[in-house]
Number of protein chains: 2
Amino acid sequence: MTPDQPASAVTPLVTRMTLAQQIREALVVRIVSGEIQPGERLVETRLAAMYGTSQAPVREALRELEAMRMVETRPRRGTFVRHFVQQTLRESYVVRAALEETATRLAMLAGTVPLDALRREVKAMRAAARTDDAVAAARASVAFHRHIVDAARNELLKLSWEALQIEARTSVTMVAAEVKLKDIARDHAELLKSIEDGDLETACKHARDHQWHYADLPHDAHGRARRTSRQVS
Amino acid sequence: MTPDQPASAVTPLVTRMTLAQQIREALVVRIVSGEIQPGERLVETRLAAMYGTSQAPVREALRELEAMRMVETRPRRGTFVRHFVQQTLRESYVVRAALEETATRLAMLAGTVPLDALRREVKAMRAAARTDDAVAAARASVAFHRHIVDAARNELLKLSWEALQIEARTSVTMVAAEVKLKDIARDHAELLKSIEDGDLETACKHARDHQWHYADLPHDAHGRARRTSRQVS
DNA sequence: GTGTAACCGATTATCGATAGTCGGTGGAGG
DNA sequence: CCTCCACCGACTATCGATAATCGGTTACAC
């Protein structure tokens, strides 16, 4: 019975995103998909024309991408897509390891580990391995780790972790490193087991090694394999 | 607060910074100094008038502050200074612990720990303790940890760590006000010692506990005592 | 009184236009 | 041939104006 809602027929409640946010999303997709190459320059006016907006929202979107470290801006120079090559990838695994080890510790100490959810994700990984569905496996893996990070109940930790753009990177790695999906499921199952066992230090170390392991995998086409000096403890 | 009245007549010379950056700096100072209270709203147009610019640079500055987590922006609502209270402070220590433990591990594995520099900072802390100079002690402490993070040679780790600094910096000072400066020097000296000794796991654990210790200290005026559930040691 | 819808003032999001800066270019000087 | 420098075209940083929204408030029918 409320006939009004002035003339503008539809403003779908869901589309409450600002233009800047929409543009950011679009650019993220184009960058991770490789449509826009690393090193390429993003010209504000050109993008504005392309998306049919003015320069302002584009500029804001670029700023957000910069905060995500997907692009680099030199004042008065322009903004460029970063080469986040294997180096960065490797680095990100080490940082993830640090954060996830701590998340594991916090969650176990607080007794908030969502074991059921974790078991569910492992199950999903096994299913993905059977159907050879890398995307599904990646999604389950990210979900697994996110559950742990959430369980730590530390907002700042969560933010830092999310800032690493986990999803974008894992899928890239899995493809690039050609990890056997079955191994992924197995690794996570082992990690889960040590958490279930309740041995804090062992589980934490396991959480850390889990990521350091990936940092050691060959990420690039040149396939330099190295698993050496690291042997932690 | 101070109405119209361009904050500074001109910032004439070697202004290699963009207006947005200058505004950001100014706002950071006003926020950490408490001139702008937590929860307070930052009105773009008002700030623009105050600094004698248009809305655009102000907007950009606010975005950057948001990335730093000093303010919070609700689309179409406005941006507000965050109450980064003890909760966040405590959280930041835990995240720092995670990153610094890993930094210690990486630096020791790579053999890049700048022992001399670390010794120098400890010495500075002792001097600060003697003259009861909390600011100097805080500065030396930050420098000490930064040396380690730098030595890890992991750009992403460094970035994540620096991102914490805004909050951490203020908190260090606050805590320093309550912690005996001599204890700070002693704690760092002990950490340094375990690094010099070369025992990787002990040093890492020490690095972690070093920060968790601060997380447990009472940070607020209400002096809520620490949680005891942490049998991490 | 109570709940609802249109109205209002304040403020953000976006636009279109302009000023200034940056890197590159081609000719003059050596 | 190589270097230096004023000039040019392309873009970013910034401006001033406008469109759209939001929260609160008021008028009005029950």
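For the structure given in this document, a descriptive report is provided here.

Conventions and cut-offs
Residues numbered from 1 in each chain as written. Chains lettered and ligands numbered in written order. Predicted model: local features only at pLDDT ≥ 70, side-chain atom pairs only at ≥ 80, totals over all residues. Heavy atoms only, no water. Helix = DSSP H or I, 4+ residues; strand = E, 2+ residues; numbered from the N terminus. Buried < 20%, exposed > 50% of the residue type's maximum accessible area, 1.4 Å probe, protein only. Contact = heavy atoms within 4.5 Å. Areas by Shrake-Rupley, 256 points an atom, 1.4 Å probe, with all protein chains shown as cover. Patch = residues over 30% accessible without salt bridge, like charges linked within 9 Å, V, L, I, M, F, W, Y side chains within 5 Å. Salt bridge = Lys/Arg side-chain N within 4 Å of Asp/Glu carboxyl O. Lys, Arg positive; Asp, Glu negative; His and termini not counted. Charge placed at Lys NZ, Arg CZ, Asp CG, Glu CD. Pairing = 2+ DSSP bridges. Near = heavy atom within 4 Å. Polar contact = N/O pair within 3.5 Å; in protein donor to acceptor, adjacent residues only side chain to side chain. Least-squares fit on C-alpha atoms with pLDDT ≥ 70 in both.

## A look at the overall build of chain A
Check the secondary structure of chain A and you find ten helices and three strands. The 233 residues of chain A split such that 46% are buried. Taking the contacts inside chain A whose residues are at least 6 apart along the sequence as the reference set, 69% of them involve residues at least 24 apart. For chain A, the computed accessible surface area is about 12400 Å², with 53% contributed by carbon and sulfur atoms.

## Some remarks on a positive patch on the surface
Side chains of Arg-41, Arg-46, Arg-74 and Arg-77 of chain A sit close together on the surface and give a patch of like positive charge. Its location among the elements puts Arg-77 of chain A in the loop between β2 (71-74) and β3 (78-81).

## A look at the environment of Leu-159 of chain A
On the secondary structure map, Leu-159 of chain A appears in helix α7 (residues 155-163). Assessed through its relative accessible area of 35%, Leu-159 of chain A is described here as partly exposed.

## Focus: the pairing of strand β2 (residues 71-74) of chain B
With burial as the criterion, only one face of β2 of chain B is covered, namely that bearing Val-71 and Thr-73 of chain B; the residues Glu-72 and Arg-74 of chain B on the opposite face remain uncovered. Taking the residues between adjacent antiparallel strands as the criterion, β2 of chain B and strand β3 (residues 78-81) of chain B are bridged by three residues, where Arg-76 of chain B takes a positive phi near 65 degrees.

## Quick look at the protein's contact with DNA strand D
Inspection of the region around DNA strand D gives 22 residues, with Arg-59 and Arg-76 of chain A together with Leu-19, Ser-54 and Arg-77 of chain B positioned closest. Counting only the atoms of DNA strand D that lie within 4 Å of the protein, the sugar and phosphate share comes to 82%. Glu-44 of chain A is positioned with one of its backbone polar atoms (N or O) 3.2 Å from a phosphate oxygen of DNA strand D. Arg-77 of chain B is positioned such that a nitrogen or oxygen atom in its side chain is 2.6 Å from a phosphate oxygen of DNA strand D.

## Comments concerning the pairing of β2 of chain A
For β2 of chain A and β3 of chain A, the ladder comprises four bridges, and the chain directions are antiparallel. Bridge assignment links Arg-74 of chain A to a residue of β3 of chain A, and that residue is Gly-78 of chain A.

## Brief notes about the relation of the copies chain B and chain A
Relative to chain A, chain B is turned by 180 degrees and slid 0.1 Å along the rotation axis, the superposed coordinates differing by an RMSD of 0.3 Å. In symmetry terms, the pair is related by a two-fold rotation axis. Relative to the rotation axis, the C-alpha of Ala-98 of chain B is the closest in chain B, positioned 2.6 Å from it. Both copies present the same face, since 91% of the interface residues in chain B are matched by interface residues at the equivalent positions in chain A.

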